[in-house]
Amino acid sequence: MAVLRPFDKLPVLNTASLLLVGSDQRLQQELAQAIVKEKKSSNISIHLATSLPLSSERDHLRPRIDLIVFMIDIKNKYSLKNVKASLAHVAASFFLGKVCFLVTGVGRVNYCSVEINSIWKLGEVYCSPVLFCELELEGIRVATAQRLLRMLQICAGHVPGVSALSFSFLLRSSN
Amino acid sequence: MAKHFLEIPGESIFPLDAKEEILEECESFWKQMEQCQSTLKLLETETLTESDAQFSLPVMQMKALRAEYNQWQKRSPEIISTNPDVLFALGKKELQKVKNDLEMVLSTVQSKNKNLEEELRREQQWYEEQKQLVDTLSRTEEETKNEVEQLSDKSLNTSAFHEQRKKILKLKRYKKELLTALGKFLEEHFPLPEEAGSAEKKNSYEDPAVELKPLHDILEILIRKLMSTPHEPYVPIDDSFWPPYIELLLRYGIALRHPENPCRIRLEAFHA
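Residues numbered from 1 in each chain as written. Chains lettered and ligands numbered in written order. Predicted model: local features only at pLDDT ≥ 70, side-chain atom pairs only at ≥ 80, totals over all residues. Heavy atoms only, no water.

A. The overall build of chain B, seen in detail. When its secondary structure is counted, chain B shows seven helices and three strands. Traced from its N-terminal end to its C-terminal end, chain B shows the element sequence α-α-α-α-α-α-β-α-β-β. Across the 272 residues that make up chain B, the buried fraction comes to 13%. Excluding contacts between residues fewer than 6 apart, the proportion of contacts in chain B whose partners are at least 24 apart in sequence is 61%. Surface accessibility of chain B: about 23,000 Å² in total, with carbon and sulfur atoms responsible for 58%. (Helix = DSSP H or I, 4+ residues; strand = E, 2+ residues; numbered from the N terminus. Buried < 20%, exposed > 50% of the residue type's maximum accessible area, 1.4 Å probe, protein only. Contact = heavy atoms within 4.5 Å. Areas by Shrake-Rupley, 256 points an atom, 1.4 Å probe, with all protein chains shown as cover.)

Following this line, the structure appears as structure tokens:
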């Protein structure tokens, strides 16, 4: 199946699955390791991809994805193009709070080659929260991992009383 | 959809019926979920292009929020289980969690307090040192003020001061006289070579491109260099020094060449 759908599979007991989509594999690995290291009450499985659509051969082995994080590197114009192309392969119902944009590399303001405006617009158009971080720094990496973990738990339904949609509204900046 | 699964702590001290009850509940939840999921699968939506997304997503979100809101309105709190064992286990877990959180808060606050105390102690120490410094400085100021007053009181010292000033002025005048005499002497006896008027001299390569310095200036340069930097008294010779005069100074021992570099000369140290 080329299109990623949020509810086409049954969830695995006590497990939440995260999909990281981004062009920088090293950063993805580091972030995934940071998330795995965090203290949590349920199992987390993290899937890494450079772009969508995911290959359909291993589709039956993949669990239901609860949260998709699109990683945009601010120093690399190609990563933004990649993300925009991948967005076309995600079903519309994912954007009800199960998608998040993560902008990395904000520590080095001098090497910015992606317009921040275009990223904000992307967040607005797809009604999804935009998080900024600098994954090269240990402290910020840990903090980002904690944030993503919390979001993942909510999107997987492990937090009673908060739904993914209502949480995504909390994260929106009011203009 | 916001129902949560009960987490049974892995203890086997439960009586069998409590466990069974919970397992039955879980099974019924799971069946409900399978039903929901199969319905949802049929309702799945397609992908969006960027232009669609701008218009259709907010509408979708609004519908979903409204549905959620209605769901919350209809809901009433339900009892999880009347079985005392289950309740006991759950209660214990909650209390454990609260205890852990409070312990974390306690340790954070304690370490913060310690840091603040350290800072306070350091600041106090710094303040003491600064106060001492101010005291010492003010005392020194007072002492020097007293000394100055004493000095200005004694009339003998003022007259000595005036005498010194007179001597300095006399010496300055003498120095000026010597320098003017020297200047006149040099001008008279060691003038600059005259510019040759004939046309052929103008074409020769020996035509001085640079204006020659009078001997007075050369001597001045040498003296100045020696006085200002006694460790480095050498002056490089350039084209403005007329070579015969250089030879003159060298021959009479007034100037010396640098032992390694013939293009540098210095004044002989007559005062040393």
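Structure's up, so let's keep going.
B. Layout of the environment of Ala88 of chain A. Here Ala88 of chain A lies in the loop between helix 2 (77–87) and strand 4 (99–104). Considered as a pair, Ala88 of chain A and Leu52 of chain A are 36 residues apart in the sequence and their alpha carbons are 8.4 Å apart. Leaving out residues up to four positions away in the same chain, Ala88 of chain A has contacts with Thr47 and Leu48 of chain B.

C. Just the side chain of Thr144 of chain A, in detail. Residue and element names in this part refer to chain A. Relative to the elements of secondary structure, Thr144 occurs in helix 4 (residues 138–155). Looking at Thr144, the relative accessible area reads 5%, which means it is buried. Among all residues touching Thr144, those that are not within four sequence positions of it are Leu102, Cys133 and Leu135.

D. Quick look at the sheet that holds strand 2 (residues 255–257) of chain B. Residues and elements named next belong to chain B. Strands sit in the order 1-3-2 across an open sheet of three strands; the sheet is antiparallel. Edge strands, defined here as strands with exactly one partner in the open sheet, are strand 1 (235–236) and strand 2. Bridging between strand 1 and strand 3 (residues 264–267) involves two bridges; their strand directions are antiparallel. The residue bridging Val235 from the neighbouring strand is Ile265, located in strand 3. Set on the sheet, helix 6 (residues 215–228) makes contact with strand 1 and strand 3; between it and strand 3 the angle comes to about 75°. Each of strand 2 and strand 3 is contacted by helix 7 (residues 243–251), which is oriented at about 100° to strand 2, the strand it contacts most. (Pairing = 2+ DSSP bridges. Axes fitted to C-alpha atoms, helices over the stretch in contact; angles between N-to-C directions.)

E. Region of interest: the sheet that holds strand 2 (residues 43–49) of chain A. Residues and elements named next belong to chain A. Spatial ordering of the open sheet is given by 2-1-3-4-5, a layout of five strands whose pairing is parallel. Sheet topology places strand 2 and strand 5 (130–132) at the edges, where each strand pairs with a single neighbour. Strand-to-strand twist across the sheet, computed as the mean angle between neighbouring axes with direction ignored, equals 25°. Where helix 1 (residues 25–37) meets the sheet, its contacts fall on strand 1 (15–21), strand 2, strand 3 (67–73) and strand 4, and the angle it forms with strand 2 comes to roughly 175°. In the packing of helix 2 onto the sheet, the strands contacted are strand 1, strand 3 and strand 4, and the crossing angle to strand 3 comes to about 155°.

F. Looking closely at the pattern of salt bridges. The final tally for this structure, using the stated rule, is ten salt bridges over all chains. A salt bridge links Glu103 of chain B to Lys99 of chain B; the shortest N-O distance between them is 3.5 Å. With Glu103 of chain B and Lys99 of chain B both in helix 3 (residues 84–153) and four residues apart, the pair spans about one turn of that helix. Residue classification places Glu103 of chain B among the partly exposed positions, given a relative accessible area of 41%. Bridged by salt links that share partners, the residues Arg26, Glu30, Glu136, Glu138 and Arg141 of chain A form one connected network. (Salt bridge = Lys/Arg side-chain N within 4 Å of Asp/Glu carboxyl O.)

G. Region of interest: the side chain of Gln61 of chain B. Tracing the backbone shows Gln61 of chain B in helix 2 (residues 50–74). Classification of Gln61 of chain B by relative accessible area gives buried; the value is 2%. Ignoring sequence-local partners within four residues, the contact set of Gln61 of chain B consists of Phe95, Leu96, Cys127, Leu165, Phe169 and Arg172 of chain A.

H. Focus on the nonpolar core. The biggest cluster of nonpolar side chains holds 31 residues, and the ones touching the most others in it are Leu19, Ile68, Phe70, Phe101 and Tyr126 of chain A. Those elements that place two or more of their residues in this core are strand 1, strand 3, helix 2, strand 4 and helix 3 (116–125) of chain A together with helix 2 of chain B. With sequence-adjacent residues up to four places away left out, Ile68 of chain A is seen in contact with Leu4, Leu19, Val21, Val90, Phe94, Lys98, Val99 and Cys100 of chain A. Grouped together as the second largest cluster of nonpolar side chains are 27 residues, Ala16, Leu131, Ile154 and Phe167 of chain A included. (Core = buried A, V, L, I, M, F, W, Y, C linked by side-chain atoms within 4.5 Å.)

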